[in-house]
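Reading the structure
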Amino acid sequence: MDLFRLETLWKFLCQKNNLRLDIYNVDGVIHYVVIRPRLILDYKFPLKNPSVGFLSVYDKGFDKEYIRKNYISEKKTFGFKSTGLSLQNGPQKLPSNLSTLSKKYSLKLMEDTDGKNRIELYPFQSTNIFELIDTINQLSQHIKQVNFFAPLPKKAT
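One structure accompanies this document, and this report is about it. Since this is a predicted model, take the numbers as computed values, not measurements.

Some thoughts on the overall build of the protein chain
The number of helices and strands found in the protein chain is 3 helices and 8 strands. Taken from the N to the C terminus, the helices and strands of the protein chain come in the order α-β-β-β-β-β-β-α-β-β-α. Relative to its 157 residues, the protein chain shows a buried fraction of 40%. Of the contacts made within the protein chain by residues no fewer than 6 positions apart, 51% connect residues no fewer than 24 positions apart. Total accessible area on the protein chain stands at roughly 9400 Å², and carbon and sulfur atoms take up 53% of it.

Details of the pairing of strand 2 (residues 29–35)
Of all 7 residues making up strand 2, 5 are buried, and the element is well covered by its neighbours. Where strand 1 (residues 21–26) lies against strand 2, 6 bridges are found, and the strand directions are antiparallel. Across the sheet, residue Asp22 finds its bridge partner in strand 2, namely Val33. Relative to strand 3 (residues 39–46), strand 2 is paired through 7 bridges, and the arrangement is antiparallel. Within the sheet, the bridge partner assigned to Val33 lies in strand 3 and is Asp42. Hairpin connection between strand 2 and strand 3: a loop of 3 residues separates the two successive antiparallel strands.

Considerations on the side chain of Asn137
When you line up the elements, Asn137 lands in helix 3 (residues 129–144). When its relative accessible area of 7% is taken as the criterion, Asn137 is described as buried. What Asn137 contacts, discounting residues up to four positions off in sequence, is Val146, Asn147, Phe148 and Phe149.

Considering the packing of helix 1 (residues 3–16) against helix 3
Helix 3 packs onto helix 1 with a crossing angle of 55° between their chain directions and a minimal axis gap of 11 Å. With respect to helix 3, the axis of helix 1 lies oblique. Seen along the crossing, helix 1 lies across helix 3 with a hand that is right-handed. On the side of helix 1, the interface is formed by Leu9, Trp10, Phe12 and Leu13, while helix 3 contributes Ile129, Leu132, Ile133 and Ile136. Partitioning the contact of helix 1 with helix 3 into residue classes produces 8 nonpolar, no polar and no charged.

Observations concerning unusual backbone geometry
Cis geometry marks the peptide bond from Tyr122 to Pro123; its omega dihedral reads -20°. Relative to the helices and strands, Pro123 resides in strand 8 (residues 117–124). One non-glycine residue, Asn18, adopts positive backbone phi at about 55°. By the element assignment, Asn18 lies in the loop between helix 1 and strand 1. Positive phi outside glycine occurs at Gln145, with the angle close to 60°.

A closer look at helix 3
Between its terminal C-alpha atoms helix 3 stretches 22 Å, which fits the 22 Å expected from 16 residues at 1.5 Å a residue. All of the buried residues in helix 3 are Ile129, Leu132, Ile133, Thr135, Ile136, Asn137, Leu139, Ser140 and Ile143. For helix 3, the secondary structure elements touched by its buried residues are helix 1, strand 3, strand 4 (53–59), helix 2 (99–104) and strand 8. Capping the start of helix 3, Asn128 holds a side-chain oxygen 3.3 Å from the backbone nitrogen of Phe130, two or three residues further along.

Here we look at the pattern of salt bridges
Under the counting rule described, the total for this entry stands at 7 salt bridges. With a closest N to O distance of 3.1 Å, Glu7 and Lys11 form a salt bridge. One end of the pair is Glu7 and the other is Lys11, both in helix 1 and 4 residues apart, which spans about a single turn. Across the pair Glu131 and Lys104 runs a salt bridge whose closest N-O atoms are separated by 3.0 Å. One end of the pair, Glu131, is in helix 3; the other, Lys104, is in helix 2, with 27 residues separating them in the sequence.

Reading the values: the criteria
Residues numbered from 1 in each chain as written. Predicted model: local features only at pLDDT ≥ 70, side-chain atom pairs only at ≥ 80, totals over all residues. Heavy atoms only, no water. Helix = DSSP H or I, 4+ residues; strand = E, 2+ residues; numbered from the N terminus. Buried < 20%, exposed > 50% of the residue type's maximum accessible area, 1.4 Å probe, protein only. Contact = heavy atoms within 4.5 Å. Areas by Shrake-Rupley, 256 points an atom, 1.4 Å probe, with all protein chains shown as cover. Pairing = 2+ DSSP bridges. Axes fitted to C-alpha atoms, helices over the stretch in contact; angles between N-to-C directions. Parallel < 35°, antiparallel > 145°, perpendicular 65-115°, else oblique. Left-handed = near helix turned anticlockwise from the far one by under 90°. Nonpolar A, V, L, I, M, F, W, Y, C, P; charged D, E, K, R; others polar. Expected span 1.5 Å × (residues − 1). Polar contact = N/O pair within 3.5 Å; in protein donor to acceptor, adjacent residues only side chain to side chain. Salt bridge = Lys/Arg side-chain N within 4 Å of Asp/Glu carboxyl O.

Take a look at the structure:
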């Protein structure tokens, strides 16, 4: 997806939901940041290769320095040795609402000592608006039980 189309997509989502979109370009990496009252959405990707994007949704006061639970599920990729499921002081089983996402993306769940959560997906590339909204809403529902973006009505066929 080209940069203009991707930027238009994110601007439309933020305008429809009355949210502010902050766009940063740091050393050839584009950052889209959307802030809700209790959640932050951060999507970043290199300008040269947007197919290796990195999406994270997290609580507003999440502290990376004090992580209590950490769960990593890597997607199998051709040519790379898979590490499988990596549990580091984390849950014994992936939550059921995130198991569908772990088949498409590499997934990282983190919880800090205050009980605030962060979920990261990579490599993430939004191909259409419905997939983007569904993915982000699944992540935000796991963290705060609220939708990040209002769902769009499906086309009647």
